[in-house]
Amino acid sequence: MSGQPASFIAGPGGRVSGEIRVPGDKSISHRAVMLGAIAQGITEVNGFLNGEDCLATLAAFEAMGVHAERPAADRLIIHGVGLRGLKAPPAALDLGNSGTGMRLLAGLLCGQEFDSVLVGDQSLMRRPMDRIGAPLRRMGARIRTREGQPPIKITGRMALQGVAHELDVPSAQVKSAILLAGLYASGRTLIVEPTPTRDHTERLLAAFGVPVECDGAEISIRGPAILQGCRIEVPGDFSSAAFFIVAGLIAGASPLLIRNVGVNPTRTGLLEILRLMGADIRLLAPRDCGGEPVADLEVRPGPLRGITVPHEFVASAIDELPVLFAAAAVAEGETVVSGAAELRVKESDRISVMAEGLQRVGVHAEVLPDGIRIRGGAVGGGLIESRGDHRIAMSFAVLAARAGKPVVIRDVRYVATSFPGFAAMARSAGLLLGEQD
Ligand code: S3P
């Protein structure tokens, strides 16, 4: 985080147009490192996200004896050590701000021959971990938390057995932690997922040669499993593109083209929601990129109308809801989101932090137990506390284009966890975004 600016001074009046390409997908980059590390042979990753979250995951594996070359910031050549080749780390593994890093790694570490401890920054140390602890214990893991929060202490040398587990929260991190433990377990690990969540782990496991059975809501693998190193092309992160999708709609001068974006249907709920609000977003040149759907997105500016967001799109838009709230703030009429209680346990409580920020710039926003009600209208200037949450900071940077006065956004250092270079890209697209220490 050092070297990053402390605040953004944003808008008003920026108009976006032209062509951009956002950095690599965070979820896929984490998984590429993890699976490449425990595979046999070389895994080559192109389009790796050079953000702090993924770098923390990479550093954790380096601490466990994995060698990775970085011929370029977005290229990795991982020398896999095989399923049983990781070594005991000399100290606690620090996953920084990353819930994905910590939860997925916890699943994988339950199958090791050594003990390990996982820690993170202030925000991560407050996030719920029993959601992975409980199912992993049922598999035979010995895993302890501090009243459900990190540090996570894992005892090695436990024999894991496959179990059947039904997810009680829609969470790809929980699903993936169980699947990674399942690689080390004997027998079948079965997950029942009542609400579909991002399926990058399943797709990548298949790319590494592990048979994954997906049958409706059921996903299963058999352990112990051998992974073979492979070549991974990481597409642009839809969650990063989301800020520019909304910018293109609410502050576009002409169509904005966002090239090479991952459009896995478990991630693109925002497109469905925005289209219901009247948005014109086209998927150009749809293609397959190493098992993941990819397209270029063309976003045409135009007015949006408020809607009640159908529950079916919430899980596949979970990381994009903050920027959807920004779009709702300038839509005509009221937007209501519910069924999104998971937002309260992200890097910040994204329901209350977004509501507080919207109110600060004069937008009517009412907190609901599991969502928010926003009345679109005029946006003023003001001071926003992003509470160290990258997606809150970027959402207000976009909304500021429609504000009447400048919006100062504090605590923006964490933008580099998921979107290094965001401010420069925003400026190149036409947003008026200054940075200040
Ligand atoms: C992620 C899953 C989601 C998402 C996070 C990345 C992943 O979290 O919010 O940014 O890569 O598996 P949950 O599983 O907690 O919903």
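Residues numbered from 1 in each chain as written. Predicted model: local features only at pLDDT ≥ 70, side-chain atom pairs only at ≥ 80, totals over all residues. Heavy atoms only, no water.

### Things to note about the nonpolar core
Heads up, the rule is: The set of buried Ala, Val, Leu, Ile, Met, Phe, Trp, Tyr and Cys residues whose side-chain atoms join them within 4.5 Å is what this entry labels a nonpolar core. Throughout, exposure labels follow a simple rule: accessible area from a 1.4 Å probe, protein chains only, divided by the maximum for the residue type, with under 20% read as buried, over 50% as exposed, and the rest as partly exposed. Each helix is a run of DSSP H or I of at least 4 residues and each strand a run of E of at least 2, with the numbering of both proceeding from the N terminus. What makes two residues a contact is simply this: any of their non-hydrogen atoms within 4.5 Å.
Counting 84 residues, the largest nonpolar core has F244, I245, I258, L274, L321, I409 and F422 as the members making the most contacts within it. Sorting elements by how many residues they give to this core places helix α7 (residues 238-250) first, with 10 residues. Excluding residues within four positions of it along the chain, L321 makes contact with V314, V337, A340 and L343.

### Quick word on the packing of helix α1 (residues 26-38) against helix α2 (residues 52-63)
Note the following rule: Axes, fitted as lines to C-alpha atoms, cover a helix only where it is in contact. Angles between the N-to-C directions of the axes lie from 0 to 180 degrees. Should an angle lie under 35 degrees it is considered roughly parallel, over 145 roughly antiparallel, and from 65 to 115 roughly perpendicular; all remaining angles are considered oblique. We call Asp, Glu, Lys and Arg charged. Ala, Val, Leu, Ile, Met, Phe, Trp, Tyr, Cys and Pro are nonpolar, and the rest, Gly among them, are polar.
Between α1 and α2, the shortest axis-to-axis distance is 9 Å and the interhelical angle comes to 10 degrees. Here α1 is positioned roughly parallel relative to α2, judged by the angle of their axes. From α1, K26, S29, H30, V33, M34 and A37 reach across to α2, where they touch D53, C54, T57, L58 and F61. Grouping the amino acids of the contact of α1 with α2 by side-chain chemistry returns six nonpolar, three polar and two charged.

### Describing the pattern of salt bridges
Our working rule: The rule for a salt bridge is simple: a side-chain nitrogen of Lys or Arg has to be within 4 Å of a carboxyl oxygen of Asp or Glu.
The final tally for this structure, using the stated rule, is 28 salt bridges. When the shortest N-O distance is used, the salt bridge between R387 and E356 registers 2.8 Å. With R387 in the loop between β21 (382-385) and α11 (390-399) and E356 in helix α10 (residues 350-360), this pair connects stretches of sequence that are 31 residues apart. A relative accessible area of 44% places R387 in the partly exposed class. Of the residues examined, E356 reaches a relative accessible area of 24% and is grouped as partly exposed.

### Some thoughts on the site of the ligand
Threshold: Any residue with a heavy atom positioned within 4 Å of a molecule or strand is treated as near that molecule or strand. In protein, a polar contact requires one atom able to donate a hydrogen and another able to accept it; more generally it is a pair of N or O atoms within 3.5 Å, and residues adjacent in sequence count only if both atoms are side-chain atoms. Computed by Shrake-Rupley with a 1.4 Å probe, the accessible areas treat only the displayed protein chains as cover when residues are assessed. Here a cavity means grid points, on a 1 Å grid over the protein atoms only, where a 1.4 Å probe fits yet cannot get out; a pocket means an open set of points with protein on both sides within 12 Å along at least five of seven lines; lining residues are those with an atom within 4 Å of a point. Assignment to a cavity or pocket requires that more than half of a molecule's atoms be within 2 Å of the site's grid points. What marks off one domain from the next here is an automatic or database domain assignment.
Close to the ligand lie S27, R31, T100, R103, P170, S171, A172, Q173, R198, I318, D319 and K346. With respect to the ligand, the side chain of R31 contributes an N or O atom lying 2.6 Å from an oxygen atom. Interatomic distance of 2.6 Å between a side-chain N/O atom of S171 and an oxygen atom of the ligand. With the chains in place, 94% of the 380 Å² that the ligand exposes on its own is no longer accessible. In a pocket analysis with a 2 Å cut-off to the grid points, the ligand is assigned to the largest pocket. Of all the secondary-structure elements, those providing two or more residues to the shell around the ligand are α1, α3 (99-109) and α5 (172-182). Of the residues in the shell around the ligand, the class split is three nonpolar, four polar and five charged. Structurally, the shell around the ligand is a two-domain feature, drawing no fewer than three residues from each of domain 1 (7-24 + 235-436) and domain 2 (26-233).

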